[in-house]
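Descriptive analysis of the structure
Listed below, chain by chain, are the residues.
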Amino acid sequence: IGISGFTGTFGVLLEEVDGFEFTSFHKPIITAFLIGCALGFVTSATLLFGVLNASAKTLLVCFAADPYEFHKHHPGLSQDLRDAWSHQVWEPAA
C-alpha cells in the first residue's frame with residue numbers, strides 16, 4: 001500500500017511538473033494518482049509474490065537435496081515437511 005501511494009504521488013508530480021497528461025478527464029490529478037497507485041500495487045504485488053514463490057521452491061529443493069542436513073539446521077521446518085509428506089503421500093486415501 002505504501003509503494004502504491006508513493007507511485008501515485010510520483011504520477012501526480014509527473015503530471016504537474018512535466019506537463020505529461022495521463023488522460024483527458026476533468027480531474028487529471030486524481031486520475032494520475034489512481035493510475036500510479038494501480039501500477040505501483042500491481043508491480044509490488046508481482047515482485048512480492050515472486051520472492052515468496054522462489055523462497056518456497058528453495059525450501060523444497062533444500063529438503064529434497066539433503067534432508068538430513070536440512071533437519072540438522074532447521075529441525076522445526078523439517079518436521080513440518082516430513083509430517084505433511086507422510087500424511088499426503090504415504091497414507092492411503094480414505
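Here, every reference points to the structure presented above.
Reading the values: the criteria
- Residues numbered from 1 in each chain as written.
- Predicted model: local features only at pLDDT ≥ 70, side-chain atom pairs only at ≥ 80, totals over all residues.
- Heavy atoms only, no water.
- Helix = DSSP H or I, 4+ residues; strand = E, 2+ residues; numbered from the N terminus.
- Buried < 20%, exposed > 50% of the residue type's maximum accessible area, 1.4 Å probe, protein only.
- Contact = heavy atoms within 4.5 Å.
- Areas by Shrake-Rupley, 256 points an atom, 1.4 Å probe, with all protein chains shown as cover.
- Expected span 1.5 Å × (residues − 1).
- Arc of directions from axis to C-beta.
- Axes fitted to C-alpha atoms, helices over the stretch in contact; angles between N-to-C directions.
- Parallel < 35°, antiparallel > 145°, perpendicular 65-115°, else oblique.
- Left-handed = near helix turned anticlockwise from the far one by under 90°.
- Nonpolar A, V, L, I, M, F, W, Y, C, P; charged D, E, K, R; others polar.
- Salt bridge = Lys/Arg side-chain N within 4 Å of Asp/Glu carboxyl O.

Some details on the overall build of the protein
Counting its regular elements, the protein contains four helices and zero strands. Considering the protein as a whole, with its 94 residues, one finds that 17% of them fall into the buried category. Pairs at least 24 apart in sequence give 32% of the contacts found in the protein among residues at least 6 apart. Here the protein has roughly 7400 Å² of accessible surface; of this, 72% comes from carbon and sulfur atoms.

Digging into helix α1 (residues 2-18)
For α1, which comprises 17 residues, the first-to-last C-alpha distance of 23 Å matches the rise-based estimate of 24 Å (1.5 Å per residue) to within 8%. Of the residues making up α1, those classed as buried are Ser-4, Gly-8, Gly-11, Val-12 and Glu-15. Viewed along the axis of α1, the buried residues span an arc of 95°, placing them on a single side of the element. Along α1, the residues that are exposed and aim more than 90 degrees away from the buried face are Gly-2, Phe-6, Leu-13, Val-17 and Asp-18. A positive backbone phi angle near 80° is found at Gly-19, which sits one or two residues after α1.

A closer look at the packing of α1 against helix α2 (residues 28-65)
Two numbers describe how α1 lies on α2: the axes approach to 7 Å, and their chain directions differ by 140°. Classed by the angle they form, the pair α1 and α2 counts as oblique. Seen along the crossing, α1 lies across α2 with a hand that is right-handed. For the pair α1 and α2, the contacting residues are Ile-3, Ser-4, Gly-5, Thr-7, Gly-8, Thr-9, Gly-11, Val-12, Glu-15 and Glu-16 in the first and Pro-28, Ile-29, Ala-32, Phe-33, Gly-36, Cys-37, Gly-40, Phe-41 and Ser-44 in the second. Among the residues forming the contact of α1 with α2, the class breakdown is eight nonpolar, nine polar and two charged.

Quick look at the side chain of Ser-78
With respect to the helices, strands and loops of the structure, Ser-78 is situated in helix α4 (residues 75-90). Those residues in contact with Ser-78 that sit more than four places away from it in its chain are Phe-63, Pro-67, Phe-70 and His-71.

A closer look at the environment of Ile-3
Relative to the helices and strands, Ile-3 resides in helix α1. Separated by 36 residues in the primary sequence, Ile-3 and Leu-39 place their C-alpha atoms 9.6 Å from one another.

Focus: the pattern of salt bridges
Overall, the coordinates contain one salt bridge when judged by the stated rule. Among the ionic pairs, Glu-69 bridges to Lys-72, the shortest N-O distance being 3.9 Å. Placement of the pair is Glu-69 and Lys-72 together in helix α3 (residues 67-73), with a separation of three residues, close to one helical turn. Of the residues examined, Glu-69 reaches a relative accessible area of 34% and is grouped as partly exposed. Taking relative accessible area as the criterion, Lys-72 reaches 58% and is therefore assigned exposed.

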